[in-house]
Amino acid sequence: KKSFSPILNVKEVVKDFGGLRALNDVTISLSKGQILGLIGPNGSGKSTLVNLISGVYPVSKGEIHFNGKDITNMATHSIARYGIIRTFQDPHNVPTMTVKENLLLGTHRLFKSSLLACTLNANHSLREEEQMLTRVTEIMELCDLTDYADELAGNLPYGMQRMVEVARAILAEPQLLLLDEPAAGLSEGELEELNRLIRYVKNQGIPVILIDHHMDFVTGLVDEILVLESGGVIYSGSVEGMQKDHHVIRAYLGV
Ligand code: ADP
Ligand code: MG
């Protein structure tokens, strides 16, 4: 069914936190331009999977391969340098910097992976700075942030702070984008902008893992869906298949 060889392979991954098994034997593969939806009740292990792929926690068992490289248990900054970029459930913007400055920080992933390193190495050529500003302007247009370019990120309503978080991740030119509940707390209008942003990423061939509770939002975007329950995969496949799956309906959809 898949015409591309996978960019991301998560193989039989297990994660234990002390006596708690947060993930049990999870296998996923993701190809160019594919969006994988990741759903499941609170505490089912969704963020943990993103944390393992992005290197926040080591796996207890299993392997993670990216573009043919074994990245299992690599440091977060090495994984970011390979182009695996993630957002957090609570936005990690710099509240005392403007929206534009926060977005410019995103573009610096290409030069140095850490915030500290990028402030220490802020001597790019004028041409590079201009290219970055052009991309920041383009993304701000795409998600209606242009009018707020010079506002402090910390003064924005929560939904807009989330948009800045996603926009910054996109500006880092990800090879794989991991979005942990980006739609939580967004208005209908903001959901549309977020939808537009994610499609923009997909159209560039960048694979995305999208965690969210907003069922219509997820099913309208994804190519495949994975349902977790208590750390285990209870469904993996098409959205249509999920909607007919009795276990998922009982465990999660609640109808
Ligand atoms: P979800 O994102 O689906 O709501 P999480 O991945 O955050 O779920 O959590 C899965 C389980 O792992 C939960 O029981 C949670 O309490 C536990 N867990 C997550 N992170 C840690 C941690 N750092 N230490 C201990 N337990 C954790
Ligand atoms: Mg979570």
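Okay, so let's go over this structure. (Residues numbered from 1 in each chain as written. Chains lettered and ligands numbered in written order. Predicted model: local features only at pLDDT ≥ 70, side-chain atom pairs only at ≥ 80, totals over all residues.)

Here we come to the sheet that holds strand 9 (residues 224–229). With mixed pairing, the six strands of this open sheet are ordered in space as 6-7-8-3-9-10. At either end of the open sheet lies a strand with only one pairing partner, and these are strand 6 (84–86) and strand 10 (232–237). Going from strand to strand, the sheet's axes swing by 15° on average, the running direction of each strand aside. Bridging between strand 7 (residues 176–180) and strand 8 (residues 208–211) involves four bridges; their strand directions are parallel. (Pairing = 2+ DSSP bridges. Helix = DSSP H or I, 4+ residues; strand = E, 2+ residues; numbered from the N terminus. Axes fitted to C-alpha atoms, helices over the stretch in contact; angles between N-to-C directions.)

A word on the site of ligand 1. Every residue near ligand 1 is listed here: Phe 17, Leu 20, Ala 22, Gly 40, Asn 42, Gly 43, Ser 44, Gly 45, Lys 46, Ser 47 and Thr 48. Elements supplying a minimum of two residues to the shell around ligand 1: strand 2 (20–30) and helix 1 (46–53). Element by element, the count of residues in the shell around ligand 1 is highest for helix 1, at three residues. Broken down by class, the residue content of the shell around ligand 1 amounts to three nonpolar, seven polar and one charged. (Near = placed C-beta within 6 Å. Nonpolar A, V, L, I, M, F, W, Y, C, P; charged D, E, K, R; others polar.)

Take unusual backbone geometry next. Although it is not a glycine, Asn 67 adopts a positive phi angle of roughly 50°. Take Asn 67: it is sitting in the loop between strand 4 (61–66) and strand 5 (69–70). Look at Glu 181: it is not a glycine, yet its phi comes out positive at around 50°. Mapped onto the elements, Glu 181 comes out in the loop between strand 7 and helix 7 (188–203).

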